[in-house]
There are 2 protein chains.
Amino acid sequence: MGEPRIIELPPRPLPKDLTPNVFAAECPTRRVLDRVADKWAVLILILLADGTKRFNALKRMIGGVSQKMLSQTLKSLERDGLVSRKVIPTVPVTVEYSITPLGRTLHAAVDPLRIWAETHIAAVEAAQARYDAEAGQRG
Amino acid sequence: MGEPRIIELPPRPLPKDLTPNVFAAECPTRRVLDRVADKWAVLILILLADGTKRFNALKRMIGGVSQKMLSQTLKSLERDGLVSRKVIPTVPVTVEYSITPLGRTLHAAVDPLRIWAETHIAAVEAAQARYDAEAGQRG
DNA sequence: CTGGATCCCTTTTGATACTG
DNA sequence: CAGTATCAAAAGGGATCCAG
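These numbers were taken from a predicted model, which means no experiment stands behind them. (Residues numbered from 1 in each chain as written. Chains lettered and ligands numbered in written order. Predicted model: local features only at pLDDT ≥ 70, side-chain atom pairs only at ≥ 80, totals over all residues. Heavy atoms only, no water.)

## A word on the protein's contact with DNA strand C
Next, step 1: Lining the immediate surroundings of DNA strand C are 18 residues, of which Asn56, Arg85 and Pro92 of chain A together with Lys68 and Met69 of chain B lie closest.
Next, step 2: Taking all atoms of DNA strand C within 4 Å of the protein, the share assigned to sugar and phosphate is 67%.
Next, step 3: Lysine 75 of chain A places a polar side-chain atom, nitrogen or oxygen, 3.2 Å from a phosphate oxygen of DNA strand C.
Next, step 4: A distance of 2.5 Å is found between a base oxygen of DNA strand C and a side-chain nitrogen or oxygen belonging to lysine 68 of chain B.
Next, step 5: Counting residues per element, the ones that place at least two in the surface near DNA strand C are helix H3 (55-61), helix H4 (67-79) and strand S3 (94-99) of chain A together with helix H4 (67-79) of chain B.
Next, step 6: For the surface near DNA strand C, the per-class residue count stands at seven nonpolar, six polar and five charged. (Near = heavy atom within 4 Å. Polar contact = N/O pair within 3.5 Å; in protein donor to acceptor, adjacent residues only side chain to side chain. Helix = DSSP H or I, 4+ residues; strand = E, 2+ residues; numbered from the N terminus. Nonpolar A, V, L, I, M, F, W, Y, C, P; charged D, E, K, R; others polar.)

Written out as structure tokens, the structure reads:
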């Protein structure tokens, strides 16, 4: 073995703050939250938690969704490991979407949102009526 | 009093289906869910649940939000009775935003989303890496 | 035919500047 | 400070086209 030398180390990268912070635009948790706090993602997750469904079944069930957004959102959910996609080589081809175990953990967090909307809709509409009445008075 | 007459009643509107259905584009619950399953709304609600804040404080805390979207989302949350706005006539004027009791019930439903993002970020990034690797192989 | 990619146009969002 | 107005950029919707 040669004699020990003093060598110059390359500058060490500053340690990144590993504390998750959903309020920081660059934080990975924030990017995930952005994609998950999305109306189409929420609706898809709720439907798939109920059982495997095909593309066009989802399209029919989710009022107002375009095929573009459905396809796009499903792809994003698949990439994030929340939904799995299975192509069945029939003629014509059928594609089945299912929720993954990870997706189920997210479903547990988003379904309360649906329930909240259903249980508090009256309170929200009352608030809107009040707000609109006041706005009307002012002009 | 005149003698009783047989009068023609105007056609009665068909009774609307009152069952809430977040999947139907026209259902009030769906419209509310759409506005609430929104990244800015979620972040604002979480911050205000922690305490009253002023407009520019929120702007500084929420990375990447534009004043337009902040102002717009706050107005929508106020209309829905989830947030209250208090103008203090100082010079220059200050405006304080607080969460309402109704907003607190929603916060209970959205905060799990933040927690989910923080606790499952590693699993999501692993899934993304797998997905991107496979996509890379294919093409 | 189903799933989905693409083109084109409308709506939403973002950046910046300006006002009470 | 707390917004609105304006204009540019991006996301979204609808129709259409294509592969399996």
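The structure having been displayed, the exposition proceeds.
## Remarks on the sheet that holds strand S1 (residues 53-54) of chain A
Residue and element names in this part refer to chain A.
Next, step 1: Taken in spatial order, the three strands of this open sheet run S1-S3-S2, and their pairing is antiparallel. The sheet is open, and its two edges are formed by S1 and strand S2 (83-88), each paired on a single side.
Next, step 2: Bridge count between S1 and S3: two bridges; the pairing is antiparallel. Bridging from a neighbouring strand, arginine 54 pairs with glutamate 96 of S3. (Pairing = 2+ DSSP bridges.)

## Focus on the UniProt feature "domain: HTH hxlR-type" (unreviewed entry) in chain A
Next, step 1: The residues that UniProt annotates with the feature "domain: HTH hxlR-type" (unreviewed entry) are residues 27-125 of chain A.
Next, step 2: Between the C-alpha atoms that bound residues 27-125 of chain A there is a distance of 35 Å. The span itself is 66% helix and 14% strand. (UniProt positions renumbered as here; feature names shortened; annotations may be inferred.)

## Overview of the sheet that holds strand S1 (residues 53-54) of chain B
Residues and elements named next belong to chain B.
Next, step 1: A sheet is described by the order of its strands in space; here three strands give the open sequence S1-S3-S2, paired in antiparallel fashion. This sheet does not close on itself; its edge strands, each paired only once, are S1 and strand S2 (83-88).
Next, step 2: Two strands pair when backbone bridges link them, and S2 and strand S3 (residues 94-99) are joined in this way by six bridges, in the antiparallel orientation. Residue isoleucine 88 lies in a different strand from S3, and its bridge partner there is threonine 94.

## Concerning unusual backbone geometry
Next, step 1: The amide bond that connects valine 91 of chain A to the next residue, proline 92 of chain A, takes the cis arrangement and shows omega of 0°.
Next, step 2: The residue proline 92 of chain A is located in the loop between S2 and S3 in this model.

## Topic: helix H1 (residues 28-36) of chain A
Next, step 1: Turning to H1 of chain A, its buried residues number three or more, namely Thr29, Arg30, Val32, Leu33 and Val36 of chain A. Projected down its long axis, H1 of chain A carries its buried residues within an arc of 160°, all on one side. (Buried < 20%, exposed > 50% of the residue type's maximum accessible area, 1.4 Å probe, protein only. Arc of directions from axis to C-beta.)

## Some thoughts on the protein's contact with DNA strand D
Next, step 1: What surrounds DNA strand D is a group of 20 residues, the closest being Lys68 and Met69 of chain A together with Asn56, Arg85 and Tyr97 of chain B.
Next, step 2: Sugar and phosphate atoms form 67% of the subset of DNA strand D atoms that lie within 4 Å of the protein.
Next, step 3: The contact in question runs from a phosphate oxygen of DNA strand D to an N or O atom on the backbone of valine 95 of chain B, over 3.3 Å.
Next, step 4: Contributing elements (two or more residues each) for the surface near DNA strand D: H4 of chain A together with helix H3 (55-61), H4 and S3 of chain B.

## Examining the interface of chain A and chain B
Next, step 1: Opposite the 50 residues of chain A that make contact, chain B presents 50 residues.
Next, step 2: If you sort the residues of chain A by the area they bury against chain B, Phe23, Arg79 and Trp116 of chain A come out on top, with a joint share of 17%.
Next, step 3: The shortest N-O distance in the salt bridge between aspartate 132 of chain B and arginine 79 of chain A comes to 2.5 Å.
Next, step 4: Where chain A packs against chain B, one counts 14 residue pairs in polar contact (both at pLDDT 80 or more).
Next, step 5: Secondary-structure elements contributing two or more residues to the side of chain A that touches chain B are H1, helix H2 (39-49), H4 and helix H5 (101-138) of chain A.
Next, step 6: Ranked by the residues each element gives to the side of chain A that touches chain B, the list is headed by H5 of chain A, at 20 residues.
Next, step 7: Here the residues of the side of chain A that touches chain B are counted per class, giving 30 nonpolar, seven polar and 13 charged. (Contact = heavy atoms within 4.5 Å. Buried area = accessible area lost by both parts, 1.4 Å probe. Salt bridge = Lys/Arg side-chain N within 4 Å of Asp/Glu carboxyl O.)

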